[in-house]
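Report on the structure
Residues per chain, in single letters:
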Amino acid sequence: MTTAWIVGAGIAGPATAIALHKAGIDVTVAERRHDTDDGGSSFLTLGSNGIDALTALDAGHVVTRLGFETPTLTLVSGTGRVLGDSRTSAVRPDAPVSRTLRRPDLSAALRAEARARGITIETGRVATGVARDDECARVRFADGGEAVADLVVACDGIHSRLRRAVDPTAPPPAYTGLVGLAGYSPAGITDDRPGTYRMIFGRRAFFGYATAPGGDVWWFANVPQPHEPGRGEVERVEPETWRARLVDLFARDAGPATRLVDAATEIMPASPMHTVPRLARWHDGRTVLIGDAAHAPSPSSGQGASLAIEDAVVLARALRDADDVPAALGAFEAARRRRVETIVRQAQRVNGSKAATGVVRVMRDLMLPWVLRATANSHALRETYDHHLSWQTGTDTVSTSGTSR
Ligand SMILES: Cc1cc2nc3c(=O)[nH]c(=O)nc-3n(C[C@H](O)[C@H](O)[C@H](O)COP(=O)(O)OP(=O)(O)OC[C@H]3O[C@@H](n4cnc5c(N)ncnc54)[C@H](O)[C@@H]3O)c2cc1C
């Protein structure tokens, strides 16, 4: 039986454990954090395609009790002018609907599902390196331990420590010029209907929010900051300092941003937003990078977690179908590159428009309604959200009509 160690149990890690287990592989996961350390309770949107990928693993139920559906968004200028609407979910009738959920809840639910299937997750274990020979791969741990397996899957996130073992030329993650933070505010401040994001291109920063079915509001802000902050610098800034700064940044904009920030019951630690646009290689024959370790779109894509779960399915299928591990890893990388790199590029363009100032901002607000009308049902949106993975046939399709699994 093929054996695998997975490093990291964020999103990609437990999803990959479930997928490899389904493919008949004996898998163990190592995660540096303990279960009680949730790493901050920010939220994300899991696209229809990410939920579709979980469904291919018989794990779609994991997310149905978490968060709430968010299939659409409305873009608004800082003056309050509605620039247009867009879809952020699949159009195919049998597809799941995109959901907004707390990231730690998603990670915990995936870990629980993996454990329920008999998979061991060793927490509090920090991987420090990985090496390979013709027969196996070895992971070293900070506690002095070593694990040996046919395959190591590095799911250790955007600041991956194992990335350079696979691609020694890998550049560090690229800073997007934006600092991101999120918060939660009580019901009664807005009267927006639940399920739609409202994205405000403010004069000095970007603000987005979604109303949950009970009326409370989940919001985030992207603040332009041209120079890359040092590691931990913006994370250390107190929430109350951010509250005052955000209220000031959004003071001249129409909409509820300042009221929501002012009333927030929780403001999560800020973090600089990075991307990993392209690595020369994702595997060395026995170790493979997946999720943010391999390709991190900026958070503006709303796709990082979904792509990580898709990776898990495609990797497991490749291992199930190939003659040996190196061949499977080659097939996996060939199958995934074009899709993820297209989505990474699209998110880079969105980042540029979030940081626009002066005349560029005015032009953007004039152009966006036209662009949105032209792209409302575009091929790019369908390719992203209607992407369907079949476990049995090993095929990926983009379909706007019913499909069978
Ligand atoms: C502000 C923000 C907003 C976002 N919004 C969205 C969104 O709306 N939709 C979306 O799909 N994505 C979003 N994302 C991206 C999404 O969170 C990531 O793409 C996703 O978490 C990637 O999963 P991953 O498992 O690859 O990495 P991670 O979730 O980062 O998990 C990596 C895991 O590896 C562990 N680890 C790291 N190093 C080691 C080590 N040496 N040894 C052992 N364990 C280790 C970490 O503790 C962690 O648990 C957002 C990201 C940010 C920052």
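Residues numbered from 1 in each chain as written. Predicted model: local features only at pLDDT ≥ 70, side-chain atom pairs only at ≥ 80, totals over all residues.

**Considerations on the site of the ligand**
What counts is decided by this rule: Residues are classed as near a molecule or strand if the C-beta position derived from their backbone is within 6 Å of it. The way it works is that DSSP assigns letters per residue, a run of H or I at least four long becomes a helix, a run of E at least two long becomes a strand, and they are numbered from the N terminus. Each residue is assigned to one class: nonpolar for Ala, Val, Leu, Ile, Met, Phe, Trp, Tyr, Cys and Pro, charged for Asp, Glu, Lys and Arg, and polar for all the others, Gly among them.
Of all residues adjacent to the ligand, which total 35 residues, the nearest are G8, G10, G157, G291 and G304. Those elements giving two or more residues to the shell around the ligand turn out to be α1 (12–22), β2 (26–31), β3 (43–46) and α8 (304–321). A total of four residues in the shell around the ligand trace back to one element, the largest contributor, which is α8. Of the residues assigned to the shell around the ligand, the class counts are 15 nonpolar, 13 polar and seven charged.

**Quick look at the environment of S300**
What counts here: Partly exposed residues are those whose C-beta has more than 12 but fewer than 20 other C-beta atoms within 10 Å; with 20 or more the residue is buried, with 12 or fewer it is exposed, and the C-beta atoms are placed from the backbone.
In this structure, S300 sits in the loop between β19 (287–289) and α8. Take S300: there are 23 C-beta atoms within 10 Å of it, and that puts it in the buried class. The spacing of S300 and N222 is 78 residues in sequence and 9.3 Å in space, taken between C-alpha atoms.

**Remarks on the sheet that holds strand β9 (residues 127–132)**
The following threshold applies: When DSSP finds at least two bridges between two strands, those strands are taken to pair. What counts as an axis is a line fitted to C-alpha atoms, over the stretch in contact for a helix, and the angles between N-to-C directions run from 0 to 180 degrees.
On the basis of which strands lie adjacent, the open sheet formed by three strands has the order β9-β10-β11 and antiparallel pairing. In the strand order of this sheet, the two ends are held by β9 and β11 (146–149), each with one partner. Strand-to-strand twist of the sheet, defined as the mean angle between neighbouring strand axes without regard to direction, takes the value 20 degrees. Pairing of β9 with strand β10 (residues 137–141) involves five bridges; the strand directions are antiparallel. Bridged to A127 within β10 is F141.

**A look at helix α2 (residues 48–56)**
Let me state the cut-off plainly: Any pair of residues counts as being in contact when their C-beta atoms, constructed from backbone geometry, are within 7 Å of one another.
Burial analysis of α2 places nine of its nine residues in the buried class, which makes it a mostly covered element. In this fold, the buried residues of α2 make contact with β3, α3 (61–64), β7 (99–102), α8, α11 (379–385) and β20 (387–389). Positive phi shows up at D58, right after α2, with a value of about 60 degrees.

**Describing the domain arrangement of the protein**
Selection criterion: These domain boundaries are the output of an automatic or database domain assignment.
Here the protein is partitioned into domain 1 (3–39 + 103–173 + 276–350 + 378–398) and domain 2 (174–274). One C-alpha centre belongs to domain 1, the other to domain 2; they are set 29 Å apart. In this assembly, six residues from domain 1 lie in contact with five residues from domain 2. Partitioning the side of domain 1 that touches domain 2 into residue classes produces five nonpolar, one polar and no charged.

**With respect to the nonpolar core**
Rules: Working definition: the nonpolar core is a set of buried Ala, Val, Leu, Ile, Met, Phe, Trp, Tyr and Cys residues, joined through C-beta atoms within 7 Å.
In terms of nonpolar packing, the biggest core is built from 108 residues, with V7, A19, V152, I290, A312, V313 and L315 touching the most fellow members. Counting residues per element, this core draws most heavily on α8, which supplies 11 residues.

**Let's talk about the pairing of β3**
Here β3 shows no split at all, with F43 and T45 on one side and L44 and L46 on the other all buried. Pairing between β3 and β7: four bridges, direction antiparallel. Each residue of the ladder has a partner; that of T45, found in β7, is T100.

**Observations regarding helix α6 (residues 239–249)**
The criterion, for reference: Each direction from the helix axis to a C-beta atom contributes to the arc, which is the arc of those directions.
All of the buried residues in α6 are W242, L246 and L249. Buried residues along α6 cover an arc of 60 degrees about the axis, so they all sit on one side. Turned more than 90 degrees away from the buried face of α6, the exposed residues are E240 and T241. Structurally, α6 contributes buried residues whose contacts are with β13 (174–185), β16 (217–224), α7 (257–263) and β17 (266–267).

**Here's the deal with the environment of E69**
Structurally, E69 can be placed in strand β4 (residues 68–69). The class of E69 is partly exposed, set by 17 C-beta atoms lying within 10 Å. In sequence terms E69 and W391 are 322 residues apart; their C-alpha atoms lie 25 Å from each other.

**Structural notes on the sheet that holds β7**
Taken in spatial order, the three strands of this open sheet run β3-β7-β4, and their pairing is antiparallel. Two strands bound the open sheet, and with one partner strand each, they are β3 and β4. Relative to β7, β4 is paired through two bridges, and the arrangement is antiparallel. Note that in β7 the partner of E69 across the bridge is R99.

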